[in-house]
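Below, each chain spelled out in residue letters.
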Amino acid sequence: MLVNSYEILKHAQDNKYGVGAFNVNNMEIAQAVINAAEALNAPVILQVTQGAIKYAGIEYISSIAQLAANKASVPVALHLDHGTDFEIIMECLRNGFTSVMIDGSKFPLEENIEKTKKVVEIAHAMGVSVEGELGKIAGTEDQVHVEAKDAAYTDPQEAKRFYEETNVDALAIAVGTAHGVYKGEPKIDYDRISEIRAVVDCPLVLHGSSGVPYEALTKAVSLGICKINIDTDIRMAFANSVRKFLDENPNEYDPRKILGPSREAMQAVVEEKIKVFKSDNKAWK
Ligand code: G3H
Ligand code: ZN
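First things first, this report covers the structure right here in the doc. (Residues numbered from 1 in each chain as written. Chains lettered and ligands numbered in written order. Predicted model: local features only at pLDDT ≥ 70, side-chain atom pairs only at ≥ 80, totals over all residues. Heavy atoms only, no water.)

1. Description of the sheet that holds strand β6 (residues 138–141)
Strand order in the open sheet formed by three strands is β7-β6-β9, with mixed pairing between adjacent strands. Two strands close off the open sheet at either side, each with one partner strand: β7 (144–146) and β9 (178–179). As defined by bridge partners, β6 adjoins β7 across three bridges and the pair is classed as antiparallel. Residue pairing for β7: T140 is matched across the bridge by H145. (Pairing = 2+ DSSP bridges. Helix = DSSP H or I, 4+ residues; strand = E, 2+ residues; numbered from the N terminus.)

Okay, here's the thing in C-alpha cells:
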C-alpha cells in the first residue's frame, strides 16, 4: 500500500523505532526491498536519487516503485532522495511520488529555508511529505558531493529555526555519518541528536547509514532518529553477488541467472537492517 512518508515516520516516532529508506535503481532492488519488508511485516521507504531518475527515466523508475508499493501488503512510501533540482522535484510530484527531499544543505541558512519553504507549500497542497536537510554530510551520494573538510554538523538552534520556518515533515541532520564506504569507524555525535530532538518535533533522518555499527544505529534511533538511509550496503551486496556468480560461472549469459542471486543477497541485507531498526512487525493495515 502506497502512503506518504510522514504517515510512516510519525508511526515510527510515536512507537520509537526506525524505518529503513532504501535506494532503488532497478526492478531487482525494488523487489528485494519489498520482499524483505513483506517477509518481516515492516513499513518501508523506497527512495530514488536524481541520478537514478537520470539512469532509468522517471516513468520507468516511478512505475516500478509504485507497482511494488501498491502490490505490497505493508505501508510503503515513494521518496525522492537528495532533490536539488526544483524541476525534478516537480516532475516527481507529477509522477506519483508520495514524498520528496529538498536538499538545500549547500546553501546558507536563509537560502536553504527559502528553497525548502517553496517546495513544502507545493508538496503539502498535494498531500506529499517533505524532507529538508541542514548541515553538510561528507561523501558522495550520486550527484551530491561534499569533501570531508567541508562537512559541517547541524547546529541545534539553526535546526529549530529551520523546522519552524519551513514546516518540513522530516529533517536530515549531519551528526558524524558520511555517504559511501567508511575508511575508519564513524563517530556519531549522540548529544547533538538529543539536543536537536529537544527543539525539533518532526522525525529526524540519518543519512550515510551503510557501514555504521549496529549498536550505533540502535542508539541513534533511541535518541530520536526515525528514518535511516541505506544505499551503499545494497550496492555492495549487488556487486559482490554478481562478481561471485560470474567468477564461478564464467560462461553464463542469462541475465536472470546472473541477477536473480543478487536480488536474494540484497533482500538479506535489507532484512538484517529492518531487524536492527526494530521496524519488523510494525506494519499496519
Ligand atoms: O541518501 C542516501 C543515503 O544517505 C545513503 O547513504 O550510501 O552511505 O548508505 P549510504
Ligand atoms: Zn543521503
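2. A word on the environment of Y17
Secondary-structure assignment places Y17 in the loop between α1 (5–15) and β1 (19–23). Placed 164 residues apart in sequence, Y17 and V181 show a C-alpha to C-alpha distance of 25 Å. Among residues more than four places away in sequence, those in contact with Y17 are I8, H11, A12, P43, V221, I225, C226, F277, K278, S279, K282 and W284. A distance of 2.6 Å separates a polar atom in the side chain of Y17 from a polar atom in the side chain of H11. (Contact = heavy atoms within 4.5 Å. Polar contact = N/O pair within 3.5 Å; in protein donor to acceptor, adjacent residues only side chain to side chain.)

3. Observations regarding the state of the cysteines
The full count for this structure, using the stated rule, is zero disulfides. No disulfide involves C202; its sulfur sits 8.5 Å from that of C226, the nearest cysteine. With relative accessibility at 3%, the residue C202 sits in the buried group. A relative accessible area of 3% means that C226 is categorised as buried. (Disulfide = S-S within 2.5 Å. Buried < 20%, exposed > 50% of the residue type's maximum accessible area, 1.4 Å probe, protein only.)

4. A few points about the packing of helix α8 (residues 190–199) against helix α9 (residues 214–223)
Packing of α8 against α9 brings their axes to within 9 Å, and their N-to-C directions diverge by 20°. Our classification of the angle between α8 and α9 gives roughly parallel. Judged by the twist between their axes, the crossing of α8 over α9 is right-handed. In this structure, α8 contributes Y190, I193, S194 and R197 to the contact, and α9 contributes A216, K219, A220 and L223. In terms of residue class, the contact of α8 with α9 is made up of five nonpolar, one polar and two charged. (Axes fitted to C-alpha atoms, helices over the stretch in contact; angles between N-to-C directions. Parallel < 35°, antiparallel > 145°, perpendicular 65-115°, else oblique. Left-handed = near helix turned anticlockwise from the far one by under 90°. Nonpolar A, V, L, I, M, F, W, Y, C, P; charged D, E, K, R; others polar.)

5. Brief notes about the coordination of the zinc ion (ligand 2)
Ligation of the zinc ion (ligand 2) by protein atoms is provided by H82 (NE2), H179 (NE2) and H207 (ND1), these donors lying 2.1 Å from the ion. Here the donor residues for the zinc ion (ligand 2) map to a single chain with the spacing H-x96-H-x27-H. With a gap of 97 residues between them, H82 in strand β3 (residues 76–83) and H179 in strand β9 connect regions that are remote in the sequence. Considered together, H82 and H179 belong to a single accessibility category, that of buried residues. (Donors = N, O, S within 2.8 Å, 3.2 Å for Na, K, Ca; no water.)

6. Brief notes about the site of ligand 1
Close to ligand 1 lie 16 residues; D81, G208, S210, D231 and T232 are nearest. Within the side chain of H207, one N or O atom sits 3.2 Å away from an oxygen atom of ligand 1. Note that an oxygen atom of ligand 1 is positioned 3.3 Å from one of the side-chain N or O atoms of N229. For ligand 1, whose unbound accessible area comes to 300 Å², protein coverage reaches 100%. Counting atoms within 2 Å of the grid points, the majority share of ligand 1 lands in the largest cavity. (Near = heavy atom within 4 Å. Areas by Shrake-Rupley, 256 points an atom, 1.4 Å probe, with all protein chains shown as cover. 1 Å grid on protein atoms, 1.4 Å probe; cavity = no way out; pocket = protein on both sides within 12 Å on 5 of 7 lines; lining within 4 Å. Sits in = over half its atoms within 2 Å of the grid points.)

7. Looking at the nonpolar core
In terms of nonpolar packing, the biggest core is built from 74 residues, with F22, V100 and L171 touching the most fellow members. Element by element, the count of residues in this core is highest for helix α2 (residues 27–40), at eight residues. Each residue touching L171, except ones within four places of it in the same chain, is listed here: G132, E133, L134, A159, F162, V200, C202, P203, L204 and V205. If you look at the next biggest cluster of nonpolar residues, it comprises 15 residues, including Y17, A77, V205 and W284. (Core = buried A, V, L, I, M, F, W, Y, C linked by side-chain atoms within 4.5 Å.)

8. Here we look at empty space enclosed by the protein
What the rule picks out here adds up to two cavities of 30 Å³ or more. Here the largest cavity defines a volume of roughly 90 Å³. Contributing elements (two or more residues each) for the lining of the largest cavity: β3, β9 and β11 (225–230). Looking at the lining of the largest cavity residue by residue, the classes come out as two nonpolar, eleven polar and three charged. If you add up the space inside the second largest cavity, you get close to 50 Å³. Contributing to the lining of the second largest cavity are S5, Y6, L9, H79, S99, S129, V130, E131, D169, A170 and K227. Broken down by secondary-structure element, the contributors of at least two residues to the lining of the second largest cavity are α1 and β5 (129–134). (Points joined across faces, edges and corners; volume = space filled by probe spheres on them.)

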